[in-house]
Structures are given as structure tokens and as C-alpha cells.
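# Reading the structure
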Amino acid sequence: MITTLFLGALLLAQDFTPPRTPDGKPDMQGYWNNQAGTAPWDIEPHPASFQVPAGPGIIVDPPDKKIPYTAAALAKRNDVRDNHAFDDPQAHCAPSGVPRQTYTPFGFQFVQPPGYFVILYEAEHVHRVVRMDGSPHMPASMKFWSGDSVGHWEGDTLVVDSANFNGGTWLDMAGNYTSENLHVIEKYTLTDKDTIRYEATIEDPSLYTRPWTMQFNLRRNSQKDYYILEFACHEGERDLQHYTEDTGKK
Amino acid sequence: MKRFLVLAAAAHLFGAMAMAQSYTPPRTSDGKPDLQGIWQVLNTANWDLQPHSGSYNVPAGPGVVEGDQIPYLPSALAKKQENLKNRATADPLTKCFMAGVPRTMYLPYPFQILQTPQAVVVVSEYVHSWRYVPLYNLPHIDGYEAWMGDSRGRWDGNTLVVETIGLNDETWFDNAGDYHSDALKVTERFTRTAADVIDYEATIDDSKVFSRPWKIKMQLHRRTDLTRVLENECYLNAEAARRGGNSK
């Protein structure tokens with residue numbers, strides 16, 4: 001029975017042949033929203049709390065669905081979560097970074113010009129231009145909120161390798177912070193014409209005892225004549241002083 | 001003598017035409033002129049579109065306005081003068097706000113143009129803003145207003161024409177306080193005239209502020225030293241500087 005189901009799933013997956021761009025790559029262009037549930041609040045399994053809906057988390061490895069922190073890094077995460085929630089870079093209109101940008105409550109668009117895979121995000125109007133030409137990452141001394149992303153195709157899966165992070169981004173609103181050693185490998189696979197399986201494996205030996213992986217689906221927004229409207233976070237921000245040390249509140 | 005001048009002028013004109021015609025831009029896979037790459041202006045339009053002398057933190061420049069003068073309505077000029085007086089703090093860029101259209105194209109920061117058969121994308125270093133320019137028929141959303149406006153593009157021979165409406169009235173054209181209303185319509189023309197040069201024009205139409213449409217012209221130059229657009233997170237850098245640290 002299990003074997004049959006497994007075979008059936010394999011056949012289904014193989015049945016789908018993605019549409020192609022002129023250069024023969026899977027065509028993922030269009031508008032997408034995540035199906036990451038409550039991940040914007042907390043990517044680990046969590047019960048409901050004040051203004052936070054309960055959720056099963058999006059971590060698929062390790063099996064306990066928790067971030068495999070070192071003891072010291074876990075203590076810091078708990079302190080950040082409990083005492084410094086207002087330092088969340090999203091509250092300062094900072095770019096959400098990788099992979100958090102993929103599970104904000106906002107949509108995004110994929111554009112595939114030759115040589116690049118471009119992602120235009122609604123949240124904080126961030127863009128990522130993934131170089132697909134085999135070029136290396138930028139020199140290590142160059143740090144970016146959104147990292148430096150290079151990609152390649154493994155069969156019909158887009159693999160994006162991101163490094164050069166500045167250590168300023170968080171992974172959610174539950175204090176899961178990052179360091180400059182963050183290294184993210186994302187995989188995007190069309191499983192039917194309107195669904196992409198998204199997977200991100202996260203490495204950082206300075207914070208984690210082992211690499212770990214999150215997974216969820218992206219769903220195509222096929223609303224007629226839809227396009228991404230501008231989210232002017234900083235320009236619209238009239239409350240920034242409440243989030244800064246200038247007023248003594250962290 | 002007169003005949004010589006006419007001949008010289010004709011020869012000059014012919015030479016310019018021949019030069020312009022001698023360059024054929026490379027094509028994308030769908031046969032359109034390829035404007036892709038990382039570009040930046042080499043001028044002082046960001047500080048003042050009109051001819052201006054140098055001043056504190058402002059490099060001098062010959063201006064980019066056709067006919068030199070911006071044709072303000074008499075009633076609109078006072079606000080420009082007020083903006084100019086307060087430029088050090090009133091320029092939206094001093095607050096790290098998005099630059100709007102067309103100013104985003106002549107900031108002292110690079111941007112990248114990317115193309116597909118359906119769209120042109122412009123991604124900027126300054127505050128990571130982007131413009132998505134559909135080349136297909138996509139209805140505007142009634143009443144939609146944005147810092148970067150709502151653009152639609154089309155090809156006119158070898159020229160990309162981009163029309164932008166839906167701009168709010170909060171951006172300036174330059175650091176000299178040249179401003180507009182929310183009735184602004186901008187028509188940009190991009191023509192690649194050499195391997196590393198795009199001729200750029202923008203026609204400004206805003207009958208609430210100007211007596212007639214007016215035009216700016218300049219060149220975009222390829223940044224051959226860059227493999228990607230970098231980040232300038234202006235407001236985060238400002239926030240960090242206030243705290244005495246770097247940007248995070």
C-alpha cells in the first residue's frame with residue numbers, strides 16, 4: 001500500500017513537465033504567494049499566544065522541527081525573543097533577507113531574463129537578481145542585507161546559493177536571529193503549473209550544530225490583471241522612534 | 001562664406017546621422033534592442049536639472065533641460081524657491097525616501113536594466129527600489145499612486161518608450177527643489193547609441209505646475225566594473241550612524 005502510494009507520487013511528479021523559457025529552462029515567471037502559514041511569526045512549532053496564531057512550523061529537518069542551535073546561540077535567541085522583540089529588523093523596514101523574504105505575508109514575482117533569475121518582492125520593495133552565469137560570490141568583505149545570490153539548474157530545480165549576509169536579518173518574529181556566517185541554499189521546483197515546492201537549507205556553524213531545512217509551497221497568483229503594488233515601508237513609517245534606542249526603548 | 005557655413009552644417013548633420021545610423025544595437029532573442037546591463041549617469045542632474053554653479057555639497061553642471069529653463073507657471077515658482085532654500089533638509093532624498101521617476105534614473109548610484117519579451121525591469125542600488133515595466137496591455141488601477149509610479153512600456157523602432165503615471169506629489173526632480181504634482185506624467189525614451197551608452201530622454205508633463213511639457217536629455221553609461229547592483233540601505237545606514245555603528 002505504502003509502496004503504491006509512493007510510486008503514485010513519483011509518477012505524478014514525473015507526469016508534470018514544466019513550461020520552458022526560450023533558453024529551455026523551467027518557466028516560473030509570474031506572481032506567487034507562499035503557503036507558509038504562521039511562519040512569519042515563528043518558524044518553529046508554537047502554541048497560540050497574544051496576537052500570534054498557533055502553528056506547526058516549516059522546519060522539515062531535523063525531525064523535531066526545531067532549529068539546531070548551539071547552547072550559547074539558543075540562550076541568545078531566547079533573550080532576543082523575550083527582551084528585544086522591537087529590534088526585529090522588519091519593524092525598521094529593513095530588507096527581510098533570505099529566506100525570510102519568501103515567507104512574509106506579501107507576494108512576489110519571478111522574472112527570467114537570460115542569464116538571471118530575478119525576484120521582485122512586494123515587502124519592502126526588495127529585489128534579488130540571481131546571477132546564473134557561474135560567477136562567484138562577491139568578496140567576503142562585502143556584506144548585504146539581502147545577501148549575494150548565485151544560481152544554477154539541477155534538472156528542473158532552480159538552486160540558489162546565497163552568502164555575504166550582514167548578520168542583521170532575523171528569520172521570524174520569535175527572535176531567531178542570524179550571523180554574518182549565514183549560508184542559504186534554496187531550491188525551487190515546479191510540481192504543477194501553479195505550485196512551486198520551496199526548500200531552504202541553512203548553514204551557520206557559529207550558531208547551529210548542523211545544517212537544517214525548511215520547506216513549504218508557493219502558490220501562483222493568477223488573478224486577472226494583477227501586478228505588485230508598491231509597499232513604501234520606510235516612506236510610510238511614522239512610528240520609527242518607538243522602535244529605536246533614541247527614545248530609550250529597545 | 002555663407003555657402004561654406006551651410007555646407008559645413010550639412011556635412012556636420014550628415015556626419016551625425018551617419019554615426020547614429022552606423023550603430024546597430026545587439027538584439028534580444030525576440031529581436032528587440034538589448035538595453036541590458038548596469039548603467040549610471042555622469043552628470044549633476046541629481047543636484048539641479050538646470051544650469052548651475054557649484055555650491056556647498058553641490059557640484060556645478062551645465063544642466064540637462066532642453067532650453068535650460070523649466071517652464072514653471074508663475075504661481076508655482078514660489079514653492080520651488082522655498083524648496084531650494086530648504087534643500088538641505090527638505091529634499092526627500094535626505095530622508096532616504098524613494099527617488100521617484102525620472103530622478104531614480106540620474107542618481108549618483110547605478111541601476112540594472114533586465115529584459116524579457118514581456119517586460120523591462122529596472123533595479124536600483126539606492127534604497128533597493130525597482131520598476132517593473134510591462135510591455136503588454138495591462139490596465140492601470142484607478143487611483144493607484146506610488147513613489148515610483150505605475151509604468152507601461154513599448155518599443156518605437158530601436159527606442160524603448162516608457163510612460164509613467166500614478167506618481168505621488170512627494171518626490172522632487174532634483175536637490176534644487178524642482179517639484180511636481182500628482183498630475184505628473186513622465187514619458188521616457190531609451191535608445192542605445194553605442195555599446196556602452198544609452199541616450200536617455202524624459203518629457204515632463206504636469207499642467208498644475210508647468211506652462212508646457214518640457215524635456216531633459218542625458219546619457220547613461222555602462223558600469224563595466226560591476227557584476228551586480230550593490231546595496232545602499234540609506235535609512236538603515238542613517239539609523240546606524242546615529243547609534244555610532246554600522247548598518248545593522
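Before going into details, it helps to say that this report is about the structure given with it. Keep in mind it's a predicted model, so treat the numbers as computed, not measured. (Residues numbered from 1 in each chain as written. Chains lettered and ligands numbered in written order. Predicted model: local features only at pLDDT ≥ 70, side-chain atom pairs only at ≥ 80, totals over all residues. Heavy atoms only, no water.)

Across its full length, chain B holds four helices and nine strands. A fraction of 55% describes how many contacts in chain B between residues 6 or more apart in sequence connect residues 24 or more apart. Accessible surface for chain B amounts to roughly 11600 Å². Of this, 55% is attributable to carbon and sulfur atoms. (Helix = DSSP H or I, 4+ residues; strand = E, 2+ residues; numbered from the N terminus. Contact = heavy atoms within 4.5 Å. Areas by Shrake-Rupley, 256 points an atom, 1.4 Å probe, with all protein chains shown as cover.)

Helices and strands together make up the secondary structure of chain A, namely three helices and 10 strands. Going residue by residue from the N terminus, the α and β elements of chain A occur as α-β-β-α-β-β-β-β-β-β-β-β-α. In chain A, buried positions account for 52% of the 250 residues. Partitioning the intrachain contacts of chain A with sequence separation of at least 6 by distance along the chain shows that 55% fall at a separation of at least 24. Element-wise, carbon and sulfur atoms account for 57% of the exposed surface of chain A, whose accessible area totals about 11300 Å². (Buried < 20%, exposed > 50% of the residue type's maximum accessible area, 1.4 Å probe, protein only.)

This part takes up the interface of chain B and chain A. Across the contact, 43 residues belong to chain B and 46 residues belong to chain A. Between chain B and chain A the total buried area reaches about 3700 Å² when both faces are included, carbon and sulfur atoms providing 61% of it. The interface formed by chain B and chain A holds one salt bridge in total. For R228 of chain B, the salt bridge is made with D148 of chain A, and the minimal N-O distance between the two is 2.8 Å. (Buried area = accessible area lost by both parts, 1.4 Å probe. Salt bridge = Lys/Arg side-chain N within 4 Å of Asp/Glu carboxyl O.)

Take the layout of surface pockets next. Residues and elements named next belong to chain A. Approximately 710 Å³ is the volume found for the largest pocket. Taken together, 29 residues make up the lining of the largest pocket; nearest its centre are P40, W41, V52, D88 and M173. When its residues are assigned to classes, the lining of the largest pocket shows 17 nonpolar, six polar and six charged. (1 Å grid on protein atoms, 1.4 Å probe; cavity = no way out; pocket = protein on both sides within 12 Å on 5 of 7 lines; lining within 4 Å. Points joined across faces, edges and corners; volume = space filled by probe spheres on them. Nonpolar A, V, L, I, M, F, W, Y, C, P; charged D, E, K, R; others polar.)

Another point: the pairing of strand β6 (residues 159-165) of chain B. All names here are of chain B. For β6, a buried count of five out of seven residues is recorded, marking the element as mostly surrounded by other parts of the structure. Linking two consecutive strands that pair antiparallel, namely strand β5 (residues 150-156) and β6, is a turn of two residues; a positive phi of about 60 degrees is found at G157 within it. With six bridges connecting them, β6 and strand β7 (residues 185-194) associate as antiparallel partners. Note on β7: the bridge partner recorded for T159 is T191. (Pairing = 2+ DSSP bridges.)

All right, on to the nonpolar core then. The biggest cluster of nonpolar side chains holds 42 residues, and the ones touching the most others in it are I43, F110 and Y188 of chain A. Contributing elements (two or more residues each) for this core: α2 (71-83), β3 (108-111), β4 (116-121), β7 (157-163), β8 (183-192), β9 (195-203) and β10 (212-220) of chain A. By size, the runner-up hydrophobic cluster in this structure holds 38 residues, among which are L49, Y72, M105 and I216 of chain B. (Core = buried A, V, L, I, M, F, W, Y, C linked by side-chain atoms within 4.5 Å.)

Residues and elements named next belong to chain A. One pass over the structure, following the stated rule, counts two disulfides over all chains. The disulfide partner of C93 is C233, and the S-S distance across this bridge is 2.1 Å. Handedness of the C93-C233 disulfide follows from its S-S torsion of about -75 degrees: it is left-handed. One end of the pair, C93, is in the loop between α2 and β3; the other, C233, is in helix α3 (residues 233-236), with 140 residues separating them in the sequence. (Disulfide = S-S within 2.5 Å.)

Residue and element names in this part refer to chain A. That bond from D61 to P62 is cis: its omega, 10 degrees, falls within 30 degrees of zero. Structurally, P62 is set in the loop between β2 (59-61) and α2. With an omega of 0 degrees, the peptide bond between V98 and P99 qualifies as cis. Residue position: P99 is located in the loop between α2 and β3. The backbone phi angle of E124 is positive, close to 50 degrees, even though this residue is not glycine. Following the sequence through the fold, E124 ends up in the loop between β4 and β5 (127-131). Backbone geometry at D225 places phi at a positive 60 degrees, although glycine is not the residue there. Relative to the elements of secondary structure, D225 occurs in the loop between β10 and α3.

All chains considered together, the criterion is met by 23 aromatic pairs over all chains. Aromatic pair Y31 of chain A and Y226 of chain A: ring centres 5.0 Å apart, planes at 85 degrees, arrangement edge-to-face. With Y31 of chain A in strand β1 (residues 30-34) and Y226 of chain A in the loop between β10 and α3, the pair connects residues that are 195 residues apart, well separated along the chain. Lying over the aromatic face of Y227 of chain A, R152 of chain B brings its terminal NZ or CZ to 4.8 Å of the ring centre. One residue, R228 of chain B, lies across the ring of F144 of chain A, its end atom 4.0 Å from the ring centre. (Phe/Tyr/Trp six-rings, centres within 6.5 Å; stacked < 30°, edge-to-face > 60°. Lys NZ or Arg CZ within 6 Å of the ring centre and 35° of its normal.)

Residue and element names in this part refer to chain B. Summarising burial for β5: five of the seven residues are buried, a large majority. Two elements, β5 and β6, share seven bridges in a ladder whose sense is antiparallel. Paired with R152 across the strands is E163, a residue of β6.

This part takes up the sheet that holds β5 of chain B. All names here are of chain B. An order of β4-β3-β2-β1-β9-β8-β7-β6-β5 is seen for the nine strands of this open sheet, with the pairing classed as antiparallel. Where the open sheet ends on each side, the last strands, each with one partner, are β4 (130-134) and β5. Recorded for the sheet is a direction-independent mean angle of 25 degrees between the axes of neighbouring strands. (Axes fitted to C-alpha atoms, helices over the stretch in contact; angles between N-to-C directions.)

In this section: the side chain of E186 of chain A. All names here are of chain A. Within the secondary structure, E186 sits in strand β8. Exposure remark for E186: the relative accessible area of 0% places this residue in the buried category. A distance of 2.9 Å separates polar atoms of two side chains, one belonging to E186 and the other to Y188. At 2.6 Å, the side chain of E186 and the side chain of Y198 are in polar contact. With residues near it in sequence (within four places) discarded, E186 still touches V98, T102, R128, L158, V159, V160, S162, Y198, E199 and A200. (Polar contact = N/O pair within 3.5 Å; in protein donor to acceptor, adjacent residues only side chain to side chain.)

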